[in-house]
Amino acid sequence: MPADPDRPASDGDASARPALDGDASARPALDGDASARPAPDGGAARPAFDLAALIAERGRERYELNSRYLNPQLSRMLHTIGFDKYYERAKGPYFYDAEGNEYLDMLAGFGIFALGRHHPVVRSAIQQVMDLDLPDLVRFDCSPLPGLLAERLLSYAPGLDRVFFGNSGTEAVETALKFARYATGRRRILYADHAFHGLTTGSLSVNGESGFRKGFDPLLPDTAIPLGDLGALAKELKRGDVAALIVEPIQGKGVQAPPPGWLRAAQALLHEHKALLICDEVQTGIGRTGEFFAYQHEDGVLPDLVCAAKALSGGYVPVGATLGKGWIFEKVYSSMDRVLVHSASFGSNAQAMAAGLATLEVMRDEKVVENARTVGDQFRERLTALVDKYELLAEVRGRGLMIGIEFGRPKSLKLRTGWAALQAARKGLFAQMVVVPLLQRHRILTQVSGDHLEVIKLIPPLIITERDVDRFMDAFTDIMDEAHRGSGLMWDFGRTLVKQAVGSR
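Rules used in this analysis
Residues numbered from 1 in each chain as written. Predicted model: local features only at pLDDT ≥ 70, side-chain atom pairs only at ≥ 80, totals over all residues. Heavy atoms only, no water. Pairing = 2+ DSSP bridges. Helix = DSSP H or I, 4+ residues; strand = E, 2+ residues; numbered from the N terminus. Contact = heavy atoms within 4.5 Å. Axes fitted to C-alpha atoms, helices over the stretch in contact; angles between N-to-C directions. Phe/Tyr/Trp six-rings, centres within 6.5 Å; stacked < 30°, edge-to-face > 60°. Lys NZ or Arg CZ within 6 Å of the ring centre and 35° of its normal. Expected span 1.5 Å × (residues − 1). Buried < 20%, exposed > 50% of the residue type's maximum accessible area, 1.4 Å probe, protein only. Salt bridge = Lys/Arg side-chain N within 4 Å of Asp/Glu carboxyl O. Parallel < 35°, antiparallel > 145°, perpendicular 65-115°, else oblique. Left-handed = near helix turned anticlockwise from the far one by under 90°. Nonpolar A, V, L, I, M, F, W, Y, C, P; charged D, E, K, R; others polar.

1. Observations concerning the sheet that holds strand β3 (residues 102-105)
Judged by pairing direction, the sheet is mixed, and its four strands sit side by side in the order β1-β2-β3-β13 without closing on themselves. At either margin of the open sheet sits one strand with a lone partner, and together these are β1 (87-91) and β13 (444-445). When strand β2 (residues 94-97) meets β3, the two strands line up antiparallel, connected through three bridges. Across the sheet, residue Phe 95 finds its bridge partner in β3, namely Tyr 103. Packing against the sheet, helix α17 (residues 466-485) makes contact with β2, β3 and β13, and its axis sits at approximately 95 degrees to β3.

2. Notes on the packing of aromatic side chains
Under the defined criterion, the tally for this structure stands at 14 aromatic pairs. With centroids separated by 5.8 Å and ring planes inclined at 10 degrees, the aromatic side chains of Phe 293 and Tyr 295 adopt a geometry described as stacked. Members of the aromatic cluster, each reached through a chain of ring pairs, are Phe 379, Phe 407, Trp 419, Phe 430, Phe 472 and Phe 476. Over the aromatic face of Tyr 86 sits the side chain of Arg 60, whose NZ or CZ is 3.8 Å from the ring centroid. In this structure, Arg 443 packs its charged tip against the face of Tyr 103, placed 6.0 Å from the ring centre.

3. Quick word on α17
The first and last C-alpha atoms of α17 sit 29 Å apart over 20 residues, in line with the 28 Å expected at 1.5 Å per residue. Where α17 is concerned, the buried positions are Asp 468, Val 469, Phe 472, Met 473, Ala 475, Phe 476, Thr 477, Ile 479, Met 480, Glu 482 and Ala 483. Count one or two residues on from α17 and you reach Gly 486, which has phi positive near 75 degrees.

4. Digging into the pairing of strand β5 (residues 188-192)
Of all five residues in β5, five are buried, a share of seventy percent or more. Burial along β5 is two-sided: the face carrying Arg 188, Leu 190 and Ala 192 and the face carrying Ile 189 and Tyr 191 are both buried. Pairing analysis gives four bridges linking β5 to strand β7 (residues 242-247), with the strands arranged parallel. Looking at β7, one finds that Ile 189 is bridged to Ala 244. Sheet topology places β5 next to strand β6 (residues 223-225); three bridges connect them, and they run parallel. Its bridge partner being in β6, Leu 190 is matched across the sheet by Thr 223.

5. Quick word on the pattern of salt bridges
Two side chains that carry opposite charge are able to pair once their charged atoms sit near each other. Counted under the stated rule, the structure contains 24 salt bridges. With a closest N to O distance of 3.2 Å, Glu 361 and Arg 364 form a salt bridge. A residue pair is termed a helical-turn pair when its members lie 3 or 4 positions apart in one helix, as Glu 361 and Arg 364 do in helix α13 (residues 350-365) at three residues. Take Glu 361: its relative accessible area is 28%, and that puts it in the partly exposed class. Taking relative accessible area as the criterion, Arg 364 reaches 44% and is therefore assigned partly exposed. Salt-bridge contacts for Arg 364 lead to Asp 365; the nearest nitrogen and oxygen are separated by 3.1 Å. A single network of salt bridges, built from pairs that share partners, joins Glu 102, Arg 467, Asp 468 and Arg 471.

6. Here we look at the packing of helix α5 (residues 120-131) against α13
It is at 8 Å that the axes of α5 and α13 come closest, and there the two elements cross at 150 degrees. With respect to α13, the axis of α5 lies roughly antiparallel. For the pair α5 and α13, the crossing hand works out as right-handed. On α13, the residues that touch Val 121, Val 122, Ala 125, Ile 126, Val 129 and Met 130 of α5 are Ala 350, Gln 351, Ala 354, Ala 355, Ala 358, Thr 359 and Val 362. Split into classes, the residues belonging to the contact of α5 with α13 amount to eleven nonpolar, two polar and no charged.

7. Points about the packing of helix α15 (residues 413-425) against helix α16 (residues 429-440)
Close contact between α15 and α16 brings their axes to 8 Å; oriented N to C, the two are set at 105 degrees. By the angle between their axes, α15 is roughly perpendicular relative to α16. In contact with Trp 419, Leu 422 and Ala 425 of α15, α16 contributes Leu 429, Phe 430 and Met 433. Grouping the constituent residues of the contact of α15 with α16 by class yields six nonpolar, no polar and no charged.

See the structure below:
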C-alpha cells in the first residue's frame, strides 16, 4: 500500500529507508534505466522499453506475426469467418476497436474474465504487490500470501482442507490425477465421454474428445464412460484398479450436465470401492454457475479433490488450484524426504496470490456469485421462451451464466433443405452461421461450443447486467428471424461454409 502521509515513516516504508545500492533512485542513471533515455526531441524522457510505442508501431501486424511465428491456422481461421478484428482496449465485459465501437464479450476468454477485464481492485492488488518488492519464490521460506489465499479459498469449500497452487487448469488436473493415484495406490482414472480437462499429456488422457487426442498416443491407461451412466461406472469399479473418476459438474463441451442425483450416487459408488471423486471446476467454479462451485448445487456431494483456475486469476496472472481432503495431501507429502515430490516453478508466486485474494474480495463485496445466479436465471428463461417460436432452436440449458443454446432439425420443408445441406457438409455449420453475424452485425463475441456441435455456449463475465442480456436477446432474435426466412446474407454465408467444408475433405 502507498505510505500514509499523516503517519511517521517506518521501516516498512520505501520512502523512509536510506537509499541502498539496489534502489534505482540512489544509483547513477544507466543505459537500462527508464529515466536514463531522453526523448529524441529533447522533451520528457521515455521508458527504455516503451511498450505503448511498440504496440502503436507494430500492432497492425498482429495477424501477419501470428501467421509467420505462431499457429498459422489460427489467423487463417479468423480470416475465414471474419473474426480478424483489431481490438484496441477492453473494460469490464466490453472490447473496443480503433474507431471506438463497443463489442459485448460473451466468451470471457473461455471463462477467465469472470470479473470482466481490468477490474480496478485486482489491478490495484497487482500494483501493490509489485511495489512491495517482496522476496518472492525464495523456495526455502513460507510466504504469507499462499496460505492466506488457501484459507480464503477453502472457506468456500467446507470439508476440503488443503490446496496446491500451480499455474493453470491443466496443471490443477495433473495434480489431482497424481494425488489420486498415489493416495489410492491405483493407476486407472475414469472420465466422461466428451469431457475436456486440458491438453497436457496426463489431462489429455482423460479428454473425451478424440480430435484432441489423435496423434498424441500412447497416453495413460484411462477409461471413458458415458456421462450420467451409473451402470458403466459400477462395471469399471468392480475391476478394483480405479483410482478416481474425474468429472465436470457441467461439461464445457455442449454444456451438458449429468441427471440430478447422479453426482451424489457416483460419489457413493466410488467410496464404496475405495476410489476418489475429482470435480474439475476449472470452468464451472468460482461462481460461474450461481454457486461458488458447481458441485454445490447437489446436496450431499463432497469431492475428494477439486480443480480450479481461470476466474481465480482475476484475468491478470495465471493461477491454478487443486483443493483436497487433508489425508490425501498428507499421504503424498508423507515425510520430509517427499517435501518437493510435487511442485511448480511459478506456483504460489506473489502476483498470482495477490490476484486471487483480490478476486475473492471482489466476489464477496460485489456479490458476483449472486449476480451470476440472478442474471443467469433470467437469461435462460428468456432464451427458453424462444424455443416454441423458432423451429431451428432445439433447447436451452445450463446453470447461472454458463448457457448452451442448441439448434436442431427444423420441421418445414424449406428450412430442412438448407439444414440438410449444412449437416451433410459438416455438423456445426449452422451454429457458426449464427456466431458470425452476432459479431459482424451486432458486435457480440460468442463461440460454437465444440467441434461438430450445433451448440453456442455463452460464458460471459459474471458482472453482466440485464442491459447486456437485452442487447444479446435483440441481436439473437434478429438473427433467428433471418434464419427462418430461409434466405439472405446469413444463408449465403452458410453456402460459403459448405463449399469450404467440402473442399477441405
